[in-house]
Amino acid sequence: MDGDRVEIDGGIMEGGGQILRVSTALSCLLGLPLRVRRIRAGRSQPGLRPQHLSGLEVIRDLCEGKLEGGEIGSTEITFTPGKIRGGTHIADTKTAGSVCLLMQVAMPCVLFAASPSELRLKGGTNAEMAPQIDYTVMVFKPIVEKFNFTFNCDIKKRGYYPQGGGEVVVQMSPVKELSPINLTERGTVTKIYGRAFVAGALPIKLAKDMSAAAVRCIRKEIRDLYINIQPVREPDDQAFGTGSGIIVVAETSTGCLLAGSSLGKRGKNSDKVGIEAAEILLRNLKHGGTVDDSLQDQLIIFMALAKGVSRVKSGPITLHTQTAIHFAEQLTKAKFTVTKSEEEDPSKDTYIIECQGMGMINPNL
């Protein structure tokens, strides 16, 4: 069997957990046995962390596959996929590892299962170095559903660094195939809204301060729009631990959603948290693309699987996106091209990501 294994170098390009997520999801979907070497080779703690291991385990379980080398710190795994099945699947990082990253690896697979799936994902809902669950629900969900599938995401409990303890339940039904998307018209910004939250021991005043600081920052650039960033105190029975953060979303006339977000941490001024989120949003609005930096790479696997040509206009291509494209092309028959967008305004740094998808057909439907 080893002769037919696809060999993946986990230390190149972005060199992180994303390589594992993209390559194991595609391995599962395409029935390709895989070996990943040099996992997270350049990181300060190389090899699998709890986050990555629980992602691998959920993929293994949902296709009844075989995983070797699946332990914390391992720098090489082999994975032999089986048949994707629906039903209930549980993944628990047992840390503040991001539930959103678990969702990223599992979602493409269960779309091509034989029956509906429920993913019970446990860990951090609002974690550093990953999209916040609010981003997943407010931005990722409405845009990714343009590929012609829907899912339900129920936040049972929020969990924060360092303990985690959050739980999110995702329900989705399988599809026959994915439709391509065309996101090339930005339109004009029609509204800006968001939520600033505190949980646990923190006072609501911090949420109000984050919200007010973000509004002030955005007002300097965008004067004529109503901005509605709700300060929220998460109910104690729906949050585990203490945390705070903010997400600000801009919606455009063509239905694009772009966001900026930031998390509070000990010793970090709440005004600074609000300003950070606002500045990320403004930076994403400045480049003129239809997707923000965080969404860019998350769409790549769906573009690769879809039937037909997808086109997305983005700002500068992130290393995460380049990495996702590299491995999507290595494992599927999809072909990507990235070209500088021919803008009327040369000061805009925009690109068109185009993909001729492989047209994955669900063999179970």
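Residues numbered from 1 in each chain as written. Predicted model: local features only at pLDDT ≥ 70, side-chain atom pairs only at ≥ 80, totals over all residues. Heavy atoms only, no water.

A.B. asks: Requested: an account of the pattern of salt bridges, with residues and values cited.
C.D. replies: Counted under the stated rule, the structure contains 25 salt bridges. Arginine 43 is the partner of glutamate 14 in a salt bridge, and the nearest nitrogen-oxygen pair spans 2.6 Å. Placement of glutamate 14 in the loop between strand 1 (6-9) and helix 1 (17-30) and of arginine 43 in the loop between strand 2 (34-37) and helix 2 (50-62) is noted, with a sequence separation of 29 residues between them. The buried category is assigned to glutamate 14, whose relative accessible area is 13%. A salt bridge links lysine 265 to glutamate 128; the shortest N-O distance between them is 3.2 Å. Here glutamate 128 lies in the loop between strand 6 (117-123) and helix 4 (133-144) and lysine 265 lies in the loop between strand 14 (257-263) and helix 6 (270-286), a separation of 137 residues in the sequence. Lysine 265 sits in the partly exposed class, given a relative accessible area of 49%. (Salt bridge = Lys/Arg side-chain N within 4 Å of Asp/Glu carboxyl O. Helix = DSSP H or I, 4+ residues; strand = E, 2+ residues; numbered from the N terminus. Buried < 20%, exposed > 50% of the residue type's maximum accessible area, 1.4 Å probe, protein only.)

A.B. asks: Any chance you could break down the packing of aromatic side chains for me, citing the residues and the numbers?
C.D. replies: Applying the stated criterion to the full structure yields 6 aromatic pairs. Ring geometry for phenylalanine 140 and phenylalanine 302: centres 6.4 Å apart, planes at 50°, overall tilted. Here phenylalanine 140, found in helix 4, pairs with phenylalanine 302, found in helix 8 (residues 300-305); they are 162 residues apart in sequence, far enough to count as distant. Neither residue differs from the other here; phenylalanine 140 and phenylalanine 302 are each classed as buried. Aromatic pair phenylalanine 147 and phenylalanine 302: ring centres 5.6 Å apart, planes at 35°, arrangement tilted. With phenylalanine 147 in the loop between helix 4 and strand 7 (151-159) and phenylalanine 302 in helix 8, this residue pair connects regions lying 155 residues apart in the sequence. Through a chain of ring-to-ring contacts, three or more aromatic side chains come together here, namely Phe140, Phe147, Phe149, Phe151 and Phe302. When the ring centre of phenylalanine 151 is taken as origin, the NZ or CZ atom of lysine 141, which lies over that ring, is 5.2 Å away. (Phe/Tyr/Trp six-rings, centres within 6.5 Å; stacked < 30°, edge-to-face > 60°. Lys NZ or Arg CZ within 6 Å of the ring centre and 35° of its normal.)

A.B. asks: Requested: an account of the environment of valine 58, with residues and values cited.
C.D. replies: Within the fold, valine 58 resides in helix 2. Each C-alpha atom of the pair valine 58 and arginine 195 lies 31 Å from the other, and the pair is 137 residues apart in sequence. Residue contacts for valine 58: discarding those within four places in its chain leaves His89, Ile90, Ala91, Val105 and Ala106. (Contact = heavy atoms within 4.5 Å.)

A.B. asks: An account of the pairing of strand 10 (residues 189-199) is needed here, citing residue identities and associated values.
C.D. replies: Looking at chain direction, strand 10 and strand 13 (residues 243-252) are connected through 10 bridges and run antiparallel. Across the sheet, residue tyrosine 193 finds its bridge partner in strand 13, namely valine 249. In this sheet, strand 11 (residues 227-233) lies alongside strand 10 in parallel orientation, the contact comprising 7 bridges. Paired with valine 198 across the two strands is arginine 233, which belongs to strand 11. Running through helix 5 (residues 204-221), the crossover from strand 10 to the neighbouring parallel element strand 11 is right-handed. (Pairing = 2+ DSSP bridges. Right-handed = clockwise from strand over helix to strand, strands pointing away.)

A.B. asks: Pulling in residues and values, what's your account of the sheet that holds strand 9 (residues 182-183)?
C.D. replies: Strand order across the open sheet formed by 4 strands is 9-15-17-16, with mixed pairing between neighbours. With one partner strand each, in any of the chains shown, strand 9 and strand 16 (335-340) form the two edges of the open sheet. Pairing of strand 9 with strand 15 (residues 309-314) involves 2 bridges; the strand directions are parallel. Paired with asparagine 182 across the strands is arginine 311, a residue of strand 15. The strands that helix 9 (residues 319-331) touches are strand 16 and strand 17 (351-356); relative to strand 16, the one it contacts most, it runs at about 150°. (Axes fitted to C-alpha atoms, helices over the stretch in contact; angles between N-to-C directions.)

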